[in-house]
Amino acid sequence: MEALVASAIGALTAAGIYLMLRQRTFPVIIGLTLLTYAVNVFLFTSGRLATGLPGIYSSNAAGYSDPLPQALVLTAIVISFGMTAVIVMMALGAFLEAGHDKVDMNDEDTPVEGGQK
Amino acid sequence: MSLALIAALPFLGALLPGLMIRAGKNACAIVTGSVTALALLLLGLNAPAVLRGEVVQTRIEWIPSLGLNANFFLDGLGLLFAGLILGIGLLIILYARFYLAKSDPMGQFYTYLMLFQGAMVGIVLSDNILLLLVFWELTSLSSFLLIGYWKHLPEGRQGARMALTVTGGGGLAMIAGMLILGNIVGSYDLSVILENKEAIQASDWYLPALILILLGAFTKSAQFPFHFWLPHAMAAPTPVSAYLHSATMVKAGLFLMARMWPVLAGTPEWFYIVATTGLVTMVMAAKIALFKDDLKGLLAFSTVSHLGLITMLLGFGTVEAATVAVFHIINHATFKAALFMSAGIVDHEAHTRDLKRLGGLRTLMPITFTIVTIASLSMAGIPPLNGFLSKELTLEEAAHTAWMANPWLLGVLATIGALFSVAYSFRFIAHGFLGPVRDDYPSKPHDPGFGLWAAPALLAGLVVVIGLFPMLTAAWLVNAAAGAVTGQEIAVKISHWHGLYAPALWMSLAAIGGGLLLLGMHPRLMAMWLATPRPEAKRIFDGIIEPFAAFASRLSNALHDGALTRYIAIGTLAIAGAAYYAFDTGTHAIGTRELMAIHPVPALGWLSLILATLAIVIYHRQRLLTLVLVGIIGLMVSVGFAYFSAPDLALTQISVEVATIILMLLALNFLPKATPVESTSLRRTWDAAIAVIAGVGVAALAYALMIRDPAFTPISEFHIANSKSGGGGTNIVNVILVDFRGYDTFGEIIVLGIAALVIFALTEALLRAGPANDRLLAWRPDQRRAGDRHPMMLVVATRLMLPIALLVGVFIFLRGHNEPGGGFIAGLIVAIALVMQYMASGFAWTAARQKVDYHALVASGVLIAAATGIGAWFNGMPFLTSAFGYVTIWPLEEFELATALLFDIGVFLTVVGAVMLALASLSRIGLRAGETVNVQPFDIDPSEGRTLNSEEAR
């Protein structure tokens, strides 16, 4: 089972990085989403895998899955939603402002040497 | 506590003007002024003790391991400076209210001003040199903002940069010097350092420390050769010049020299460096001031000159000279701030500050003329005004001090400085106000309203009163402050007449006579001055800075070329390389954990996840399909969480998934639907190689982690053991979120709220006139539209589901503390329930029926969470400590009430507000792009048996 989870994390990471290396905003966002899954699952596995354990406290439970990584990943999921929402809006804004959705700046976008006086 | 509060008040007050400006300029000024007045009042409450000779202290441990403590102390010197800063600050707030133009953002100005005020008060009250350094740098930063306040003026921006470079650079040197000092003594507390004179002066490191600290002080107080930034800082609005560049910031350097006087002064090194620098600055700047036509330029150089004078006095290293220095600090602050404000009034009314274009204002502006005359005469040192008193004492000190065994050099040069001072002071009056009335002023000048002249008039009044009754009005303060500087009992005797045999009398007379003579010869001297070439400080400064700036921008342009893909590639490879190196060189035990068996159903889930991932890579150019595939992955991840005993995560993931996909679909509506092929196959191979390296690395890491037991016992044991007994809940994950790690969650909902506001702000920016707005207005849908935008079946179904979904939300919320659920998940579920209505009947239709302001929702969520946390204080507990109890209300069973539930309500509201605000923002973009607003819930109304025409649909 561990191998399956590890390979899933690896596949999500690889696909995420590959898409983030594309030159349009939309694949980059999707890539980031995939990478987010990978990172969240990875963090979750730091509590080690366990099946069939109770999620809640009771006085006669044999054991618990590690709750701390779960709590941290829970907040991470919500935060990554916030982050995704912001970059989606940024991508949309960039597309509407510039008329294209390329991520790499070209020469016209490069700031003038020396900056503003 | 009260001292820390005095320093903190202006910082807290800095938050108010931005809000209060919405209630009008008067309200804004009054609120800002009240904060300063309150700080002044608190200071005043401490004054009696200080004047009795006590030292008031406040000690707060901050980072004791670094020796950094928030220790404050108030002695006579601190009292004098804090009084000047807050008192003149109050006057400046009044003056600025009437000085700033309608178009100037006043709230911003007051915010910067209060930041600066707090930093200054912090400097003079700090009892810890590290703390002092923090405040010191804060003054540099806030003065940068103030000098550059008129952002549209290039001079303002350049002046601000120059001031920041010079004073910030000096500040860096001072940090080094202070650290050396702290090392010599073994403590960073000023009160300890001040008692170790012998150890410091005997140390080999004395001279380096002295030079470094003086660099900080000289740059701040504009001493030669660092004086050049001050005249350029005059591009700031006049209230700033009056506050920073006459009364407070430039005196910070003097304050520091006075503060360090007991341990640094009294050596030949101190005398020759400080006294000489002060002397040169005083004479040189006074000479330049005479040839400045700009009123503020004249005052700027005059300020440099007077700062030089005070520096020189401190440099003498004698108790008497230090006492005179303190007295002159008071006097200079009064007359110079009054003069700056008057120059501002002239500028405000006549629309010019150029002496060549002024003259004859005496009859046009009688009130301003009176103020200027009093202050200028004081600056010139004419009896009986206060400037005269301290100048006489200064000349007396100079006459009695030998420089390199030369008994008369200092006296002569000081007299020459005073002579120029007389000349430019009289020139201010003569060329500005006397002479015939002209008819070519840029604007017809007249006296301003009371609000503008009240502050300088008050200061001019002080000039007269201190001048007439120095022993009554100023001596006690001088005694207290000078006593703190020198560490000795001081009983100063200030008088107007020192007798015929006092050298100061004759030096004064020479200065006044010579000054008047110079003024008479001014036109001829001016021609000579203009004909002589002289170094242009700004050109030299730019010449030095330019190559560095060019190098920096070349470097950053080369490294940061705007290609995101390049950064990601380099970053990924660097991380992979570093990780491999760490793995290769580190030691690690072999994995001994027993592996779990693979069951067929989870294996199927894995397979679909892997296939979906592969499919995304292959078909990523078809964007809509990609979103569907992402949905599959999200679903599998959620199911995985459920399978691995994490029900809370599963619930969260699935609901976030829905919200994310809806959001992306809405955005995709306006984005291109396909990604074109742009990269070469070589590039794609290369990218794939990077991706595979990263993927294999992460997979290996995850596997290695999972087959090993934790190296340390996880702290989860504590959470499990205390969840029920301490947190009052059986859902350990939820208790961790709202209790054990409530601070994290609190921070997180703030981040979420900020994200929502950023989205809102971005939308606002897009909808403003500009290319984005034009594109939206001209937007044509690139997909075929469904004939029925709001299908009846969907509308009816979502209507029916709404109460059920809301009920589920409430249920999930309420049980969250004990069963899987909680504020996050409930918030997402409720948000989705509402979004369904939007999808079914359109944004405008729904929004009209649901009058909730999402901003308010986000804000109230954060505030409720904060209030819950603060509530613990009243229980005598730290922030966010939860309390719970069990109650029975008939006919219900016994149930639990926990403050954590309140906190979770905050979380819930923030999540709902943030999700809805994000989606509503996208809807606004849709409306701008021509989406119609429908008044009916659906387009085809079966009861009427026809399709609503577009007129009605609108």
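Residues numbered from 1 in each chain as written. Chains lettered and ligands numbered in written order. Predicted model: local features only at pLDDT ≥ 70, side-chain atom pairs only at ≥ 80, totals over all residues. Heavy atoms only, no water.

Draft legend 1. Up close: the overall build of chain B. When helices and strands are tallied, chain B shows 41 helices and eight strands. Along the first, second and third principal axes, the C-alpha atoms of chain B reach 110 × 75 × 70 Å. A separation threshold of at least 6 residues defines the contact pool for chain B, and within that pool the share at least 24 residues apart is 78%. Accessible area for chain B stands at about 40,500 Å²; split by element, carbon and sulfur atoms hold 70% of it. The distance from the centre of the 55 positive side-chain charges to the centre of the 56 negative ones in chain B is 11 Å. (Helix = DSSP H or I, 4+ residues; strand = E, 2+ residues; numbered from the N terminus. Contact = heavy atoms within 4.5 Å. Areas by Shrake-Rupley, 256 points an atom, 1.4 Å probe, with all protein chains shown as cover. Lys, Arg positive; Asp, Glu negative; His and termini not counted. Charge placed at Lys NZ, Arg CZ, Asp CG, Glu CD.)

Draft legend 2. Region of the structure containing helix α32 (residues 716-727) of chain B. For α32(B), which comprises 12 residues, the first-to-last C-alpha distance of 14 Å sits more than 12% below the rise-based estimate of 16 Å (1.5 Å per residue). Every buried residue belonging to α32(B) is among Ser716(B), His719(B), Ile720(B), Ser723(B) and Gly727(B), and all of these are buried. All buried residues of α32(B) fall inside an arc of 110° around its axis, so they share one side. Next to the buried residues of α32(B) lie α3 (67-98) of chain A together with α33 (732-740) and β5 (884-887) of chain B. Positive phi shows up at Gly728(B), right after α32(B), with a value of about 70°. (Expected span 1.5 Å × (residues − 1). Buried < 20%, exposed > 50% of the residue type's maximum accessible area, 1.4 Å probe, protein only. Arc of directions from axis to C-beta.)

Draft legend 3. Main features of the confidence of the model for chain A. Residues of chain A with pLDDT of at least 70 account for 90%, and the chain-wide mean is 86. The low-confidence segment residues 111-117 of chain A, where pLDDT is below 50, has 12 contacts with residues more than four positions distant or belonging to other chains. (pLDDT = per-residue confidence, 0-100.)

Draft legend 4. Spatial organisation of the domain arrangement of chain B. Segmentation of chain B into domains returns domain 1 (1-262), domain 2 (265-520) and domain 3 (728-954). Each of domain 1 of chain B and domain 3 of chain B has a C-alpha centre, and the two are 45 Å apart. (Domains from an automatic or database assignment.)

Draft legend 5. Representation of the side chain of Ser841(B) within the structure. Residue and element names in this part refer to chain B. Turning to its location among the elements, Ser841 is positioned in helix α37 (residues 823-841). Judged by its relative accessible area of 0%, Ser841 is buried. Polar side-chain contacts of Ser841 include one of 2.7 Å to the side chain of Arg799. Other than its neighbours up to four places away in sequence, Ser841 contacts His790, Val795, Arg799, Thr846, Asn934 and Pro937. (Polar contact = N/O pair within 3.5 Å; in protein donor to acceptor, adjacent residues only side chain to side chain.)

Draft legend 6. Up close: the nonpolar core. Residues and elements named next belong to chain B. Ranked by size, the top nonpolar core spans 205 residues in total, and within it Met178, Trp229, Leu264 and Trp270 carry the most contacts. Mapped onto the domain boundaries, this core takes at least three residues apiece from domain 1 (1-262) and domain 2 (265-520). Once you skip the residues sitting within four places of it in the chain, Trp270 turns out to touch Tyr206, Leu210, Leu214, Met257, Trp261, Leu264, Ala265, Ala275, Leu314, Gly315 and Gly317. (Core = buried A, V, L, I, M, F, W, Y, C linked by side-chain atoms within 4.5 Å.)

Draft legend 7. Spotlight on the pattern of salt bridges. A complete count under the given rule lists 20 salt bridges over all chains for this structure. A salt bridge links Asp687(B) to Arg22(A); the nearest nitrogen and oxygen atoms lie 2.2 Å apart. You can see Asp687(B) sitting in helix α31 (residues 681-706) and its partner Arg22(A) sitting in the loop between α1 (2-20) and α2 (25-45), one on each of two chains. Comparing Asp687(B) with Arg22(A), the two get one shared label, buried. The partner of Arg353(B) in a salt bridge is Asp294(B), and the shortest N-O contact between them spans 2.9 Å. In this pair, Arg353(B) sits in the loop between α16 (319-350) and α17 (361-364) while Asp294(B) sits in the loop between α14 (268-290) and α15 (295-316), placing the two residues 59 residues apart along the sequence. Looking at Asp294(B), the relative accessible area reads 27%, which means it is partly exposed. A network of salt bridges, in which partner residues are shared, links Arg24(A), Asp101(A), Arg623(B) and Glu678(B). (Salt bridge = Lys/Arg side-chain N within 4 Å of Asp/Glu carboxyl O.)

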